[in-house]
Amino acid sequence: MSYPVDFVNVSTVGLESSPVVEALAGLRANEARYFKNKYDHVFTTEPASEVPELVEYVARVLQERDIVIASPALEATQFEVGGVRWTYVFYESGLSINVLYALEPGGKRAVGFKLSDGMEIPTELAEKFKFARQKSKLAGTIRGSFFVIKGEYP
């Protein structure tokens, strides 16, 4: 069942098994607010078990850097706005991964990692990336990093 994410009244629906459930819910709400404000898009997620193809898609893109996420996926979504296909997966550990994939050749394509407040950097990312910090009213301190996609993932 899909769930429109409310960034005014932050809910932990679908994320309850995470050890950083409140921070992960805040991170998800932070993303929802961004897309609502920038694109007037309602950010809607689904249980990862109902959209395994999205989790697999993100896993395929991560293979470009030999990254395999150990944590179970809890929620995922995919949508197109502004000529870009966005795919998000939220993991039990508190990790959020998004794949930004411009539909036009030569456009921006990247993978973004965001760590919920209070979680450790996953070992599969720790030695490969440096994380910058940003403050969020909804999510506390978010640590993020990214890499540019080199391959084609239509």
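Coordinates for the structure precede this section.
Per chain, residue numbering runs from 1 following the sequence as it is written. Only residues with pLDDT of 70 or above have their local features reported here, since the model is predicted, and side-chain atom pairs are shown and tallied only from 80 upward, although totals for entire chains, interfaces and linings are computed over all residues. Values reported for side chains reflect all heavy atoms of the structure, with hydrogen atoms and water molecules removed beforehand.

**Some words on the overall build of the protein chain**
Point 1. A run of DSSP states H or I qualifies as a helix once it reaches four residues; a run of E qualifies as a strand once it reaches two. Both are numbered from the N-terminal end. Regarding its fold elements, the protein chain presents three helices and eight strands.
Point 2. Helices (α) and strands (β) of the protein chain occur, in sequence order from the N terminus, as β-α-β-α-β-β-β-β-α-β-β.
Point 3. Radius of gyration: C-alpha atoms only; globule rule: 2.2 Å multiplied by the number of residues to the exponent 0.38. Taking 2.2 N^0.38 as the reference for a compact globule, 154 residues should give roughly 15 Å; the C-alpha atoms of the protein chain span a radius of gyration of 14 Å, in line with that estimate.
Point 4. Summarising its shape, the C-alpha atoms of the protein chain cover approximately 40 × 35 × 30 Å along the three principal directions.
Point 5. Here's how the labels work: a residue is buried when its accessible area is under 20% of the maximum for its type, exposed when over 50%, partly exposed in between, all with a 1.4 Å probe on protein chains only. Burial status across the protein chain gives 50% buried among its 154 residues.
Point 6. Counting contacts in the protein chain only where the partners sit at least 6 residues apart, residues at least 24 apart contribute 57% of the total.
Point 7. Per element, the accessible surface of the protein chain, about 7900 Å² overall, is 53% carbon and sulfur. Here, two residues are considered to be in contact whenever any of their heavy atoms come within 4.5 Å of each other. Residue burial considers only the protein chains on display, and all accessible areas are found by Shrake-Rupley using a 1.4 Å probe.

**Here we look at the environment of S17**
Point 1. If you trace the backbone, S17 turns up in the loop between β1 (3–4) and α1 (21–39).
Point 2. Once residues within four sequence positions are removed from consideration, S17 is found in contact with L74 and E92.
Point 3. A polar side-chain atom of S17 sits 2.7 Å from a polar atom in the side chain of E92. Think of a polar contact as two N or O atoms within 3.5 Å of one another; within protein, one of them needs to be a possible hydrogen donor and the other a possible acceptor, and neighboring residues in sequence only count if both atoms come from side chains.

**Things to note about the nonpolar core**
Point 1. In this description, a nonpolar core means a group of buried Ala, Val, Leu, Ile, Met, Phe, Trp, Tyr and Cys residues linked to one another through side-chain atoms lying within 4.5 Å. With 29 residues, the main nonpolar core has L62, L95, I97, V111 and F113 as its most contacted residues.
Point 2. Elements supplying a minimum of two residues to this core: α2 (52–62), β4 (84–91), β5 (95–102) and β6 (109–115).
Point 3. Setting aside residues no more than four positions away along its own chain, L95 makes contact with L24, I69, V89, F90, F113, K114, L115, M119, P122 and L125.
Point 4. Judged by nonpolar contacts, the second largest core, of 20 residues, contains Y3, V21, F43 and F90.

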